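Chain and residue survey
What follows is the residue order along each chain.
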Amino acid sequence: MENKETTDKKIILSGIQPTGVFTLGNYLGAVKNWQTMQENYNCYYFIADLHSLTVHIDPTKRKQQTLQAFALLLACGIDPEKSLIFVQSHVRSHAEMGWLMSCCSQFGELSRMTQFKDKSSKHPENINAGLFTYPALMAGDILLYQADYVPVGADQTQHLEFTRDIATRFNHNYGEIFKLPEGYFPKAGARVMSLQEPTSKMSKSDTNPKATISILDEENVILKKFKSAVTDSEAVVCYREDKPGVSNLMTIYSAITGKSMAEIETEFAGKGYGDFKAVVGQTVADELKPVREKYKELMGDRKHLEELMRDGAQKAEYIARKTLSKAKKKLGLLPEIR
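Attention here is on the structure that accompanies the text. (Residues numbered from 1 in each chain as written. Predicted model: local features only at pLDDT ≥ 70, side-chain atom pairs only at ≥ 80, totals over all residues. Heavy atoms only, no water.)

**A few points about the overall build of the chain**
Counting its regular elements, the chain contains 13 helices and five strands. Relative to its length of 338 residues, the chain is compact, with a C-alpha radius of gyration of 22 Å against a globular reference of 20 Å. Its C-alpha atoms put the chain at 75 × 40 × 40 Å along the principal axes. Excluding contacts between residues fewer than 6 apart, the proportion of contacts in the chain whose partners are at least 24 apart in sequence is 75%. (Helix = DSSP H or I, 4+ residues; strand = E, 2+ residues; numbered from the N terminus. Rg over C-alpha atoms; globule rule 2.2 N^0.38 Å. Contact = heavy atoms within 4.5 Å.)

The structure is reproduced here in structure tokens:
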């Protein structure tokens, strides 16, 4: 893993919670770009199952969703020969570093985290300590691998700043160990909206099954959903603010084909919405077909999937343990006797 070619590349680390199958919005907005990223960076991806413990999920469901999430990353083009991919709880260093970072965190800092406030208000029946110390575990995740960059959305910027603050404090108090990570802001992917409420973002939690495309939907399901997608009564394919439904379909078509809005308008000039929806639906179905087929292949070979998990975890533990050992030594903890 650590040959000359990989060590010359900057490290990008990203954790993904096992919360269900990606939507078309997740795929076009972010996941589709990950294949390109691994060509230019040392990408470390992990399934953040320890983070998922802050919310109650049926244990059997969590186990299945973790397996599915791992297989989905591979199906979407993450190559274990180019990127490091593993399950968080399989690498013991994460929990250990999380505790060290908790002890380097101030109560006031953690109490100001907006995500804690938001999640506490949404789940008042389960305001657990893990939800409160979540940013310290996240900081440990990042600092273990000396990540150069962390992809962040608007809701994660505060956590990244918190990580930098902890790293700075530790380096000042105990000696330089940790690299200060920076936010990674890739070229914006397509912003895909609901097929039924085109003014709202496509979401896997949408209660209307017609509104969302799962990347594992069968072709006939995809075509049917696009056929019923909300448009308008004008019957003209053009990109305008007052045509959110049509504009959304054009955005999806553009993201996959690379065609500009002007080219799409020319392509469908004089054609009705029925033809337009059919072409967009088929384009999406064709794009997702290899992902769906690869996912089925992976899920059908549990032994191979577990081998990839074990291999990824061993590589991750090797890298993480070096940083963890340095941190423990700086803190005055006795080295392990083996």
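**Description of empty space enclosed by the protein**
Overall, the coordinates contain three cavities of 30 Å³ or more when judged by the stated rule. Reported here for the largest cavity is a volume of approximately 70 Å³. Considering the residues around the largest cavity, the lining is formed by Phe70, Leu74, Pro80, Ser83, Leu84, Ile85, Leu308, Asp311, Gly312 and Lys315. Elements supplying a minimum of two residues to the lining of the largest cavity: helix H3 (59-75), strand E3 (84-87) and helix H13 (302-330). Classifying every residue of the lining of the largest cavity gives six nonpolar, two polar and two charged. Here the second largest cavity is characterised by a volume of approximately 60 Å³. Contributing to the lining of the second largest cavity are Met113, Gln115, Phe116, Lys119, Leu131, Tyr134, Pro135 and His159. Counting residues per element, the ones that place at least two in the lining of the second largest cavity are helix H6 (114-122) and helix H7 (129-144). Residues of the lining of the second largest cavity, tallied by class, amount to five nonpolar, two polar and one charged. (1 Å grid on protein atoms, 1.4 Å probe; cavity = no way out; pocket = protein on both sides within 12 Å on 5 of 7 lines; lining within 4 Å. Points joined across faces, edges and corners; volume = space filled by probe spheres on them. Nonpolar A, V, L, I, M, F, W, Y, C, P; charged D, E, K, R; others polar.)

**Overview of the environment of alanine 71**
Looking at the secondary structure, you find alanine 71 in helix H3. Spatially, the C-alpha atoms of alanine 71 and leucine 308 are 9.8 Å apart, while their sequence positions differ by 237 residues. Beyond its immediate sequence surroundings of up to four residues, alanine 71 is in contact with Tyr295, Leu298, Met299 and Leu305.

**Examining the packing of aromatic side chains**
If you walk through the whole model with that rule in mind, you get 13 aromatic pairs. Aromatic side chains tyrosine 41 and tyrosine 184 sit 5.5 Å apart centroid to centroid with 75° between the ring planes, which places their arrangement in the edge-to-face category. With tyrosine 41 in the loop between helix H2 (24-40) and strand E2 (42-47) and tyrosine 184 in strand E5 (residues 182-184), the pair connects residues that are 143 residues apart, well separated along the chain. Tyrosine 184 carries the same exposure label as tyrosine 41, and that label is buried. (Phe/Tyr/Trp six-rings, centres within 6.5 Å; stacked < 30°, edge-to-face > 60°. Buried < 20%, exposed > 50% of the residue type's maximum accessible area, 1.4 Å probe, protein only.)

**Digging into the environment of lysine 326**
Mapped onto the elements, lysine 326 comes out in helix H13. Taking the C-alpha atoms as reference points, lysine 326 and glutamate 176, separated by 150 residues in sequence, lie 9.9 Å from one another.

**Thoughts on the side chain of asparagine 248**
Within the secondary structure, asparagine 248 sits in helix H10 (residues 244-257). Excluding residues within four positions of it along the chain, asparagine 248 makes contact with Arg191, Val192, Met193, Ser194 and Leu195.

**Thoughts on helix H8 (residues 157-174)**
Spanning 18 residues, H8 covers 26 Å between terminal C-alpha atoms, matching the ideal 26 Å at 1.5 Å per step. Restricting attention to buried positions, one finds in H8 the residues His159, Leu160, Phe162, Thr163, Ile166, Ala167, Phe170 and Asn171. Viewed along the axis of H8, the buried residues span an arc of 165°, placing them on a single side of the element. (Expected span 1.5 Å × (residues − 1). Arc of directions from axis to C-beta.)

**Some points on the pattern of salt bridges**
Counted under the stated rule, the structure contains 20 salt bridges. Glutamate 218 is the salt-bridge partner of lysine 296, the closest N and O atoms lying 2.8 Å from each other. One end of the pair, lysine 296, is in helix H12 (residues 273-299); the other, glutamate 218, is in the loop between E5 and helix H9 (219-227), with 78 residues separating them in the sequence. For glutamate 336, the salt bridge goes to arginine 321, with nearest N and O atoms at 3.4 Å. A residue pair is termed long-range when its members are at least 10 positions apart, and glutamate 336 in the segment after H13 and arginine 321 in helix H13 qualify at 15 residues. Given a relative accessible area of 46%, glutamate 336 falls into the partly exposed group. One salt-bridge network, in which partners are shared between bridges, spans Glu96, Glu317, Arg321, Lys328 and Glu336. (Salt bridge = Lys/Arg side-chain N within 4 Å of Asp/Glu carboxyl O.)

**What to know about unusual backbone geometry**
One non-glycine residue, glutamine 146, lies in positive phi territory at about 50°. Turning to its location among the elements, glutamine 146 is positioned in the loop between H7 and strand E4 (149-151). Positive phi, normally seen in glycine, also occurs at alanine 235, with a value near 60°. Mapped onto the elements of the fold, alanine 235 is located in the loop between H9 and H10. A relative accessible area of 41% means that alanine 235 is categorised as partly exposed.

**Topic: the environment of leucine 249**
On the secondary structure map, leucine 249 appears in helix H10. Separated by 83 residues in the primary sequence, leucine 249 and glycine 332 place their C-alpha atoms 59 Å from one another. In this structure leucine 249 touches Leu195, Phe226, Ala229, Thr231, Phe276, Lys277 and Val280, once residues within four positions along its chain are discounted.

**Observations concerning the pairing of E3**
Across the two faces of E3 the burial is the same, with Leu84 and Phe86 and Ile85 and Val87 all buried. Two strands pair when backbone bridges link them, and E2 and E3 are joined in this way by four bridges, in the parallel orientation. Residue pairing across strands places phenylalanine 46 opposite phenylalanine 86, the latter belonging to E3. At this point the chain moves from E2, through H3, to the parallel E3, and the crossover so formed is right-handed. (Pairing = 2+ DSSP bridges. Right-handed = clockwise from strand over helix to strand, strands pointing away.)

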